[in-house]
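Overview (structure and organization)
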Amino acid sequence: MTLRTAIGAMNQRMGDEESGSDKNGFERFRQSHQKVSVERSQPTCLVVEDDRTMRHLVMNYLEEHGIRTISASGREEVAGLLAREEPSLVILDLRLGQEDGLDLLREIRSHSDIPVIITTGHRRDEIDRVVGLELGADDYITKPFGLRELLARIRAVLRRREAGQAAVQRDPERGRCRFGGWELDRRIRRLSDSSGIPVALTKGEYALLIAFLDAPQRPLSREHLLQATRIHEDVFDRSIDVQVLRLRRKLETDPNAPRVILTERGVGYVFALPVEPL
């Protein structure tokens with residue numbers, strides 16, 4: 001059974017509770033998660049792990065340290081838990097038996113910016129870590145890992161999340177902006193085109209766009225942009241030119257003749273459009 005099929009079946013069973021809504025589980029989660037308050041005193045962590053022993057070990061440890069936990073052993077359970085429980089963070093094992101955790105990460109990230117920490121098995125999984133970070137994971141940890149380190153990473157990710165939300169609240173005019181026919185809402189990390197249609201961005205593309213929007217119509221060096229978009233320094237060191245090319249494909253009418261992100265010879269790049277706060 002595919003994740004989409006499982007979500008559809010789950011939605012049908014929950015139809016009465018949802019007052020006839022035909023939104024799938026991830027869409028309900030996207031809407032509800034935007035309403036989650038930062039005042040929640042006890043964070044909730046969704047542990048997605050197919051190894052029962054490991055799952056219970058992680059859950060028990062986190063519970064002992066003030067983090068409420070819920071769990072899933074595979075993709076079929078995740079959408080409903082996200083919609084019903086509104087967790088603060090997801091710990092996602094990339095090796096879910098015969099299932100691909102990267103596909104699940106892609107599905108989660110297409111509907112929400114909930115923090116995700118991915119877990120991988122061995123050094124040979126480095127490509128999975130890189131792809132996972134590019135798909136929008138906030139951090140990773142390699143098995144076998146210490147539970148104290150996992151807890152520290154969870155707390156660090158949650159602190160960054162809360163700091164970002166607090167910054168938007170202190171400086172609300174930085175929440176939304178418009179450039180050209182595009183509109184960005186930083187509070188929900190949502191980029192929309194001139195027709196209001198959302199355009200998905202990877203974590204790297206989003207970080208690069210923010211770096212440009214914070215300094216529009218000013219030349220920015222490759223070193224500056226690389227530092228601004230680096231997700232995890234010891235694995236993510238891809239050329240900034242590749243990231244710019246990917247972002248151009250999202251923003252430009254003709255990426256081969258760019259008018260939004262221009263190359264500044266000998267320096268780096270410049271975001272050519274004015275940015276209007278909303």
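This text goes with the structure placed above it.
Heads up: these notes are all about the structure in this document. (Residues numbered from 1 in each chain as written. Predicted model: local features only at pLDDT ≥ 70, side-chain atom pairs only at ≥ 80, totals over all residues. Heavy atoms only, no water.)

1. A look at the sheet that holds strand S2 (residues 68-72)
Ordered in space as S2-S1-S3-S6-S7, the five strands form an open sheet in which the pairing is parallel. On the outer flanks of this sheet lie S2 and strand S7 (139-142), each paired with one strand and no other. Sheet twist, expressed as the mean angle between neighbouring strand axes with direction ignored, is 20 degrees. Bridging between strand S6 (residues 116-120) and S7 involves four bridges; their strand directions are parallel. Bridge pairing links Thr120 to Thr142 in S7. Most of the contacts of helix H6 (residues 126-135) go to S6, to which it runs at about 170 degrees, and overall it touches S6 and S7. (Pairing = 2+ DSSP bridges. Helix = DSSP H or I, 4+ residues; strand = E, 2+ residues; numbered from the N terminus. Axes fitted to C-alpha atoms, helices over the stretch in contact; angles between N-to-C directions. Contact = heavy atoms within 4.5 Å.)

2. Considering the packing of helix H5 (residues 101-111) against H6
Here H5 crosses H6 at 10 degrees, and the two axes come no closer than 10 Å. It follows from the interaxial angle that H5 and H6 lie roughly parallel. Contact with H5, carried on its side by Leu102, Leu105, Arg106 and Arg109, involves Asp128, Val131, Gly132 and Leu135 of H6 and no other residues of that element. Here the residues of the contact of H5 with H6 are counted per class, giving four nonpolar, one polar and three charged. (Parallel < 35°, antiparallel > 145°, perpendicular 65-115°, else oblique. Nonpolar A, V, L, I, M, F, W, Y, C, P; charged D, E, K, R; others polar.)

3. With respect to the pairing of strand S13 (residues 261-264)
Pairing of S13 with strand S14 (residues 268-271), which is carried by four bridges, proceeds in the antiparallel orientation. Along S14, the bridge assignment pairs Ile261 with Phe271. Between S13 and the antiparallel strand that follows it, S14, lie three residues; Gly266 among them carries a positive phi value of about 80 degrees.

4. Digging into the packing of aromatic side chains
Taken as a whole and assessed by the stated rule, the structure comprises two aromatic pairs. Pairing Phe179 with Phe271 gives two aromatic rings, centres 5.4 Å apart and planes at 75 degrees, and the pair type is edge-to-face. Of the two residues, Phe179 is situated in strand S8 (residues 176-179) and Phe271 in strand S14; the sequence distance between them amounts to 92 residues. On the basis of an interplanar angle of 25 degrees and a centroid distance of 5.9 Å, the ring pair of Phe212 and Phe271 is categorised as stacked. You can see Phe212 sitting in helix H8 (residues 203-213) and its partner Phe271 sitting in strand S14, a full 59 residues away along the chain. Each member of the pair, Phe212 as well as Phe271, carries the same accessibility label: buried. Here the aromatic residues Phe179, Phe212 and Phe271 are joined through ring pairs into a cluster of three or more. A cation over an aromatic ring shows up here: Arg189 above the ring of Tyr206, its NZ or CZ 5.2 Å from the ring centre. (Phe/Tyr/Trp six-rings, centres within 6.5 Å; stacked < 30°, edge-to-face > 60°. Buried < 20%, exposed > 50% of the residue type's maximum accessible area, 1.4 Å probe, protein only. Lys NZ or Arg CZ within 6 Å of the ring centre and 35° of its normal.)

5. Digging into the packing of helix H9 (residues 222-229) against helix H10 (residues 240-251)
Axis separation between H9 and H10 bottoms out at 10 Å; the angle between their running directions is 75 degrees. Relative to H10, the element H9 is oriented roughly perpendicular. Residues Arg222, Leu225, Leu226 and Thr229 of H9 form the contact with H10, whose own contacting residues are Ile240, Asp241 and Gln243. Per-class residue counts for the contact of H9 with H10 are three nonpolar, two polar and two charged.

6. Regarding the side chain of Arg109
Examined against the element boundaries, Arg109 turns out to sit in helix H5. Those residues in contact with Arg109 that sit more than four places away from it in its chain are Ile114, Val116, Leu135, Gly136, Asp138 and Arg189.

7. Here's the deal with the sheet that holds strand S12 (residues 219-221)
Reading across the sheet, the three strands line up as S12-S14-S13 and stay open at both edges, with antiparallel pairing between neighbours. In the strand order of this sheet, the two ends are held by S12 and S13, each with one partner. For this sheet the average axis-to-axis angle between neighbouring strands, irrespective of direction, equals 35 degrees. Sheet topology note: the S12/S14 ladder contains three bridges and is antiparallel. Bridging from a neighbouring strand, Leu220 pairs with Tyr269 of S14. Helix-sheet contacts for H8 involve S12, S13 and S14, and the interaxial angle to S14 is about 70 degrees. Each of S12 and S14 is contacted by H9, which is oriented at about 70 degrees to S12, the strand it contacts most.

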